[in-house]
Every structure is written in C-alpha cells, then in structure tokens.
Amino acid sequence: MKLLGILIGCAIAAGGASNDSVLIRGADIYPVSSEPVKAASILVLDGKISEIGLKVVAPKGVRVLDGKGLRVYPGMIDSGTNLGLSEIELIRETVDTGELGEFMPQLRALASVNPDSEHFAVVRIAGITSAMTFPAGAGNDEGGGGRGRPPQYISGQAALIHTFGRTWEEMAISGPAAMYVQFPALGPTGGRGGPVPENVAGLAGETGARTFTEMMRTYQQEMAKLTDFFEEARRYQKAKTASLAGFVRDLKYEAMLPVLEGKLPVAIAAATPRAIHDAIKFAEKENVKIVIVQPRELGSAAAELKAKNIPVILGRVLALPRGQDEPYDEAFTLPAEAYKAGIKFAFGTFENQFVRNLPYQAATAVAFGLPQDEALKAITINPAQIWGAGDRLGSIETDKLADLIVTTGDPLEIQTQVKHVFIRGQEIELSSKQTRLYDKYLNRQ
Amino acid sequence: MRKSWIVTLAALAPVYAQNIVIQNATIMTVTKGTLEGSLVIKDGKIAEVGEKVMMPLNATVIDAGGQYIIPGIIDCHSHIAVDGSVNEGSVAVSSMVNIKDVINPEDIAIYRALAGGVTAANILHGSANPIGGQTIVLKMRWGRDAQGMIFEGALPGIKFALGENPKRPGNPPGGRGATQTVPARYPATRMGVEDTIREALNQAKAYKAEWDDYAAKVARGEHPLPPRKDLKLEPLKEVLEGKRYVHAHCYREDEILMLLRVADDYGFKIRTLQHVLEGYKVAQEIAASGTGASTFSDWWAFKIEAYDAIPYNAALMQKKGIVVSLNSDDDELIRHLNTEAAKAMKYGGVSETDALAMVTINPAKQLGIDSRVGSIEAGKDADLVIYDKYPLSDYAKVLKVLIDGRVYFDRNNDVNGRPAKALEKQKLLDKEKQSQPKPTGGRGPVQ
C-alpha cells in the first residue's frame, strides 16, 4: 500500500506532470465549513482545491485516487506546539525554545524550525498537516521564570507552519502568526498546584510563603515593566512615522510594529479568570489583538471573552485538575464550557510527543459535553481563522490549499486509520522513523 | 502479621457486601467473549454472568441499558498514593526500603484513577537505583486506610532500574570537573548498572546460602545460631527464591538483554520489564525468557533512550508471544488506560479483546493476581467498570466503578455532590479565616 503510493508518486514525477494535482473520487467528504457530501469527488490542481462535486472529471494526466468507502477531511491543525524547535525534551542541545532575555519580540520561531525533525513525519502521518510552533514552552516552563531564570515577558514570534517541507521557507504558511507574551500573573501560576486563591494567599504569611500583598506588589511591578515596553515601542513607532532626526532602527521595537498596528495578534498565556480579565484589559489599553492561550478556568471571564470576540486556545484536555478540590473532570469539561459560552476556540497539545493525539484530546471533550462537529472545527477551521489563515486552510472549499486527509472513519476516533495525507496537494509518504523501525523489527527472525 | 489482617478483612467483608445485579449491559469479559446480558454479584464476588441469570434475593439492581462493562483496569506501573518522594536515591541498592510503609490513602490521585476505571495498581519505588525499593499492589478502595487498600495476597515486588535514571546520580549537574554540591554516586554508566546489580545479587546469593545452611542444620536436629538478618539482602534473597517479583525499569535493547542474562546467571526470572520501549527490538529474547512487558502506548522522545520508542511496541511484542500490558506511570494517564489499549488496535492491529487484555488480564497475570481479577468470570472479585459507550473509544466515559462488589465511584453522585462539597469547603475556609489573627497592615510578618 505504502509502496504503491511511492510508485505512483514516482510515476507522476517521471511523467513530467506536477505531483500536487489529484482527483479523489467517490469519497464521503466532510468539508467542516458545510454539510458532509456522500460519494463525491475533489479535484486538486496545483496544490489547491479546484472543484468539489458529485461528478468531477480528472483533466488529462491527473492521477485518480479511488476514495470509495473512505472519508476526506481537512488536515488537522495543532494550535500549540514546539515542532521543529524541540526534538528531545531532556537534551538541551536539541531544544531551541526558551531564549534568554526579558523582552525578545524580535525572535523568530520560524527560522529555527528544523524541517528534518523526526516529529514532523510522526505527526503528519497522523493527519496533523499544520501547527503553530511557539518560541517558548507554552506551559510557561521555559524562559518564563522557570529553571531559576529571570522572568521573560515577550518570548518572540510564533509561526504557523505546514508539517512538511524541505526548508522552513517551504513550510511557512504565513510570516509570524502571533507574538507570544508571558503575561505576569498574580502568585504562582499554572502547573499542577494551580494559582493560589486570594483567600488562601492571604493566609500564606504564616507558612513563610509570600503574602498576598507581596505577590500583588511583584505583579504590579511586572505589569509596569510590560506596559513600559509597549509604551517605548509606541514612541518608536511615532518616531519612525514622523521620520524624526536621529531615528535609529531598533530590532526589538521594529518587531513590535505589526502588533501595535493590530496586524499580529498577541498570544497571552492566562490560566485563571482573573489573569484573562487582566490580559483583556491590557490588550484594550494597548489597542492590540489578543488570543488567550491555555486557560485552566474560564468562569467569570467566559462572558467577557464572548462579548469581546476574543479567541481562546485550549490546552490539553487530558490534564489533571489544578488543585486537590477541583472536580476530576475539570479539564475534560472546559471545552464544553467554552462552547456554551459562545467562545471561539481551538485546541493545542503543548507537547511535541502528544501532537498526534490532538484529535483524541478533542474527542475527550466530546465525551464530556462538546458537540462532535464543534470539536472537529476546533482542530481545523477555527485555528485557521484564529491564526490568520482562514482563507487558505481549515476546510474543504475551492481555492483553499489542498491540505487533506483521507481516513477510514471519524478522525477523532483512535481506531480510525489515516490512509492518505495531502499537504498543498502533494501526497505524503506514510512513513516515519517509527514505521520504519516497526517494519525492520517486525521481520526480524 | 499479614495473616492477622486478612482475617480482620474477612470479618469486615459482610458488613458492606451486598447482592447486586447489573442488567442489560454489553459485558466484555476479556477471557470469555463479549455478551449482552446481566451480571450477578454476591458477597463481593462475581457469581454469574450470562444472557439470563438467576436473580438473587434482596439484590440491588443496576440497569445498564446501552452501557458497557469491562473488568476493572489494572495499572502495572504507578506511583500514586506514595507519600512524598518515590526515590531513595542516596544508595545504589535501596532494597531495604518499602513503598508499603509510605502509602497515603488520602492521595486524591487514587480517587481520580478510580474515576478512570482503575481498580488495582502496582505501586512502585522510583528508578534512581539499579536496585530500588520494595513495591506493593493496591486496590483503589478509596476511603479505606492504607492497610485496607493493599491487595491482600498479592506477591510483593521490587523495583530494578536500568539506563539513564540510575546512572544520573553518578553524573551530578555541573559535570565531573565542577565543584560538586552533591557527590557522585556509583554507578555513572550502564556498565556500572550491570555491575551494581550483579554485586548485590552475589551478596544475596551468599546470604541465601547462609540461611539455607542454617535451615539444613535445623532440619537435621542441630541447634545452630541463625545468621544475622540483613534488611538489604532479605528482599533479594526472596527474589532468588521466587517469592518476590522483579519489576525492571528499562528502555534500550542492550540493557534489556543484559538484565535477562544476569537473571539467567543467578537462576531467577524478571517478572516484568517496565517501559521496555525498545522491547520490540529483542522481542523473541524476551518471549523466550518468559518475561512480561509493561509499556507506554505512544510516549516517545522525552529523553534520548526514548527516541526509538514506537507506538507499535505493544502490538509487536504481543505478536512475538510476550504477555504485554499498557501502563501509565502517571497520575493523569492512569485515568484513560482504556484508550491507551485502543491505540494498540490502531498501531499494529491488535484485536479488541487482546487490546483490552493489555489493561486487565495481562497486568493481572504479570502481578500474579489473575486468579482474583482481570476478567469477568464467576468466582472472581467483582472489580468492574461501567462505561456509557464502547470503552475502546475516546467518546466513552466511566459511569461507575465497583471493587469487591461495592460501588467506589459513581459519576452521578460525584457530579450531584459538587455543590455540597463547594459549600463545605467555603465553610471551612471561612472558619480558618476567623481563626487567623487579623492582618496588621500592608506588610507581611517580619521574618
């Protein structure tokens, strides 16, 4: 089967025709943006979806793939990874997330993406055709005060990339897709313990921990620093616009311009309703677009997110509750809560080794109340729109990039097999380091 | 000692045991096929399973229409319920310490595991030592004390560990040239790990010979002085005698093979290889040795020795004749081992029953408790999980979990009980606040 795919690919390449055109015939098509169509065809020409219909004829020289009994979905998108930047977590030499420095908006994740990372093949054959890759561990574990480092406020530019390509330029879907800001939080944040509630924090003095007042002071100092940096960037913007005498180009402030102009959203990790509220207040004051990343609790912030049309990237669904007293299914039910509040959201896995489990994380949310079609949207069209690529990715519509997966069934079900993967219309060989090792040792005598 | 508390348990049993009939369910027995029918529980044991069953008198009836029942999930590698650190890392051989002594029955991870369908787990010492501490099998009897959680009659174990983790203390941060704040602890290499294990087994063998000699003399009617009891070597003597299971943490094929050969040399069997991420490379050697394998479904690349991990590992090892289980080694993953089993179907095409076996009867076999648990058969403990949907799907969730025929988790009760719990917590917080001295101003206490 695999071999056949390669042979066909070779035949096409040898024949001189482009290998990013194909007609998938007679499959059940799940466009996401519209109702599924049974036994229909999709024509892909030059990497783009050209035609969808019940009767589509393949132009001369275009390969035909029989999709009978199979389903076609848009390729899945993971909204939170370090793909290409982190190979083996525990070996620092293979990890390029978490640069030093407090304000580092000039850093580009994209240009440090290693296209030959083994992770790419592993995730794309599972149907993940694109991903956001962040310049820092999105769990605030690197650069952001973890490992005994000083806090980092701005980690750099996250990129939306395809999971296939020979160079990072080929993989790039757009330039930067978000500026990653590690927003100051009151007291200890995130992690398994979760934030300290105010009423408990107030008692902390007794145990030798920081008091609420002390935490508040640190928080205000950090907020002031962040605000100052934005203020400086804005002054730089004015100076540049006015072509003031003595204007000197500064790479940090230059990198902030798309943010200040509202062209590049700021991705802000905020775990609690309070942190979310503060982030929204900050974004309004600075007049910048924001995306909230990895909330652990929505609570009173849910209505605000909906009212202000602020999208959210939900972290791992298969996660422990923040504290001892939280319900066991706290993380399982969060997506349904976001859906009921009318918030636009997408899923991120936030750990490279679990990227391929993106659809299963989404499925767990379905078990705990999220409608199945909404779960599917949260790994296809929603992330495409949130990250500024809604016109090119995330659904099966004409003129969109042909990022398609052909499956034996519902991609959210573990037992479903991905039979074909197309990225920009190019069929991907379904092999990875892992399938090669499997083949090698399965046949060991 | 042990005998006395078994008696106590037996005396307690009738107090809470009751007759339960679960009706109209799809029952996946694992060992006797799947059927639509009912299940009868008497005195904590499965009394009958069938399409039609005899209704016992005074039975509580659970209608499970459209729902699925599987045997309670068993995790062959967990660290939940351990109070404090799981590692006694100061010595390379820490066989004298016992996880049984530090069980915290109030660890919330127990309840959460239970809510994920887990009814028993192998609680292991950490992996900082080539030979680690003693281990214990627990049932997730949430609400009972530490003693009440212990799986009565399950053979105890001991943790061995190979590869990166046990050699890490030999390579402290800062490198060899740096001024060490923590002194290096032998071993620092895989070579040293093998040597440490052989050295300890060598001592244990001599120690066992002393005791065997003593026993022989006693048998001949002599009155010798007994040898001195050695708390480090005692559990290793039990290993050599086949009275204690070895659960060995390992990753790479070289170290796996090394340990199998060391065990051959000392005449005992490794009970399970834990993690065993490169087990697929030496599957026939593992199969030939009769050793079990307990692995992750799809974890990889978190460290260099996990870089060749493949999600097909479980399937491939199973195909080559190894008894394979899927474990969690994690407080979160333990909550959905049912879908970890489904991954063995996806990666490598394991059958539904064989996949389910990897989280039920196979770990039971590996822990030597398969006559009691691991499948739905008359006479076995009524350790059961009820799912709302097909349990090898991410769309399924656990509705009820029974252990010894008693409901230990009920999703409805959990959800409905939340407002009352929140209220109770608020009351406690208010009370605590009132008992605190009034804050004296903006600043914290002077240290």
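Counting from 1, residues in each chain are numbered in the order their sequence is written. Note on labels: chains are lettered from A, ligands numbered from 1, in written order. Note on the predicted model: pLDDT of at least 70 is required for a residue's local features to be given, and 80 or more for side-chain atom pairs to be given and counted; whole-chain, interface and lining totals, by contrast, use all residues.

## Examining the overall build of chain A
Thinking step 1. A run of H or I in DSSP counts as a helix once it spans at least four residues, and a run of E counts as a strand once it spans at least two, with each numbered from the N terminus. Counting its secondary structure elements, chain A contains 13 helices and 16 strands.
Thinking step 2. In this scheme every C-beta is placed from the backbone, and a residue whose C-beta has 20 or more other C-beta atoms within 10 Å is buried, one with 12 or fewer is exposed, and one in between is partly exposed. Within chain A, the fraction of its 445 residues that count as buried is 51%.
Thinking step 3. Sequence-distant contacts in chain A: of pairs separated by 6 or more residues, those separated by 24 or more amount to 71%. What counts as a contact is two residues whose backbone-derived C-beta atoms lie within 7 Å of each other.

## Observations concerning the pairing of strand S2 (residues 37-45) of chain A
All names here are of chain A.
Thinking step 1. In terms of strand pairing, strand S1 (residues 22-29) meets S2 through five bridges, oriented antiparallel. Each residue of the ladder has a partner; that of Ala-27, found in S2, is Ala-40.
Thinking step 2. The pairing of S2 with strand S3 (residues 48-53) spans five bridges and is classified as antiparallel. Residue Leu-43 lies in a different strand from S3, and its bridge partner there is Glu-51.
Thinking step 3. A pair of strands counts as paired when DSSP detects no fewer than two bridges linking them. Between S2 and S3, which follow one another and run antiparallel, lie two residues, and Asp-46 among them has a positive phi close to 50°.

## Focus on the sheet that holds strand S8 (residues 131-139) of chain B
All names here are of chain B.
Thinking step 1. Taken in spatial order, the eight strands line up as S6-S7-S8-S9-S10-S11-S12-S13 in an open sheet, and their pairing is mixed. Of all strands in the sheet, those bounded by a partner on one side alone are strand S6 (73-78) and strand S13 (324-326). Averaged over all pairs of adjacent strands, the angle between strand axes in this sheet comes to 25°, irrespective of strand direction.
Thinking step 2. As defined by bridge partners, strand S9 (residues 157-161) adjoins strand S10 (residues 245-250) across five bridges and the pair is classed as parallel. Counted as the bridge partner of Ile-158 is Val-246 from S10.
Thinking step 3. Sitting on the sheet, helix H10 (residues 337-346) touches S6, strand S7 (118-123) and S13, and the angle it makes with S13 is about 130°. Orientation is described by axes fitted as lines to C-alpha atoms, over the contacting stretch for helices, and by angles from 0 to 180 degrees between their N-to-C directions.

## Description of the domain arrangement of chain A
Residue and element names in this part refer to chain A.
Thinking step 1. Domain segmentation is taken from an automatic or database assignment of domains. Segmentation of chain A into domains returns domain 1 (1-74 + 395-445) and domain 2 (76-393).
Thinking step 2. Contacts between the two partners involve 22 residues from domain 1, matched on the other side by 25 residues from domain 2.
Thinking step 3. Secondary-structure elements contributing two or more residues to the side of domain 1 that touches domain 2 are strand S15 (418-423) and helix H13 (433-442).
Thinking step 4. Residues that form the side of domain 1 that touches domain 2 fall into these classes: twelve nonpolar, five polar and five charged. Any residue outside Ala, Val, Leu, Ile, Met, Phe, Trp, Tyr, Cys, Pro, Asp, Glu, Lys and Arg is labelled polar, Gly included; the first ten of those are nonpolar and the last four are charged.

## Some words on the packing of helix H5 (residues 190-219) of chain B against helix H6 (residues 233-240) of chain B
Residues and elements named next belong to chain B.
Thinking step 1. Close contact between H5 and H6 brings their axes to 9 Å; oriented N to C, the two are set at 80°. It follows from the interaxial angle that H5 and H6 lie roughly perpendicular. Between H5 and H6, the contacting residues are Ala-200, Leu-201, Gln-203, Ala-204, Lys-205, Tyr-207, Lys-208 and Trp-211 on the first element and Leu-233, Leu-236, Lys-237 and Leu-240 on the second.
Thinking step 2. When grouped by side-chain class, the residues that make up the contact of H5 with H6 number eight nonpolar, one polar and three charged. Should an angle fall under 35 degrees it is called roughly parallel, over 145 degrees roughly antiparallel, and 65 to 115 degrees roughly perpendicular, with every other angle called oblique.

## Notes on the packing of H5(B) against helix H7 (residues 253-266) of chain B
Residue and element names in this part refer to chain B.
Thinking step 1. It is the contact of H5 with H7, at a shortest axis distance of 11 Å, that shows an interaxial angle of 15°. When the axis of H5 is compared with that of H7, the two are roughly parallel. Remark: the crossing between H5 and H7 carries right-handed chirality. When H5 is examined against H7, the residues Arg-190, Glu-194, Ile-197, Arg-198, Leu-201 and Lys-205 are found in contact with a partner set consisting of Glu-255, Met-258, Val-262 and Tyr-266. By convention, the crossing between two helices is left-handed when the near helix turns anticlockwise from the far helix through less than a right angle, and right-handed when the turn is clockwise.

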